[in-house]
Amino acid sequence: QVHLVESGGGLVQAGGSLRLSCAASGRTFSSYTMGWFRQAPGKEREFVAGISRSGEGTLYASSVKGRFTISRDNAKNTVYLQMNSLKPEDTAVYYCAADFLPRTIATMDFDYDYWGQGTQVTVSS
């Protein structure tokens, strides 16, 4: 069992930055791929970014590439999402998720085994 807890969400003006954190406990953190997803009101949950077990591989949705950076610190059992140049359309609940299967970074939410409770990000125009 893995327990994931997100933090760092909040209200920010367009053009601003936020850094999300996701702390993991329960199993060896370095044994799973991590992903960030988001869900806006009335929309389906969508992939934002993913990072490989070692942290050497990353993948981004086209909508955030160049603005968001995913990273991880396996010694601290934490994955981060640095979000810069935020736009109102980035407003959503952001979730971190863990995938235990040894495969390339998955972009579909059903491929992930454990989820955090989510943190709200609101970008005002």
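Residues numbered from 1 in each chain as written. Predicted model: local features only at pLDDT ≥ 70, side-chain atom pairs only at ≥ 80, totals over all residues. Heavy atoms only, no water.

## A few points about the sheet that holds strand β3 (residues 18-25)
If you walk across this open sheet you meet the four strands as β1-β3-β8-β7, and the pairing is antiparallel. Two strands bound the open sheet, and with one partner strand each, they are β1 (3-7) and β7 (68-73). Here the average twist between neighbouring strands, direction ignored, is 15°. Both β1 and β3 contribute to a ladder of five bridges, which runs antiparallel. The partner of leucine 4 across the bridge, within β3, is alanine 24. (Pairing = 2+ DSSP bridges. Helix = DSSP H or I, 4+ residues; strand = E, 2+ residues; numbered from the N terminus. Axes fitted to C-alpha atoms, helices over the stretch in contact; angles between N-to-C directions.)

## Digging into the nonpolar core
Leu4, Met34, Trp36, Leu81, Met83 and Tyr94 are the most contacted members of the largest nonpolar core, which totals 31 residues. Counting residues per element, the ones that place at least two in this core are β3, β4 (33-39), β5 (46-51), β7, β8 (78-83), β9 (92-99) and β11 (119-124). Not counting the four nearest positions on each side in its chain, methionine 34 is found in contact with Leu4, Cys22, Phe29, Ala49, Gly50, Ile51, Ile70, Arg72, Val79, Ala97, Ala98 and Tyr112. Membership of the second largest hydrophobic core comes to six residues, among which are Phe37, Ile105, Ala106 and Tyr112. (Core = buried A, V, L, I, M, F, W, Y, C linked by side-chain atoms within 4.5 Å. Buried < 20%, exposed > 50% of the residue type's maximum accessible area, 1.4 Å probe, protein only. Contact = heavy atoms within 4.5 Å.)

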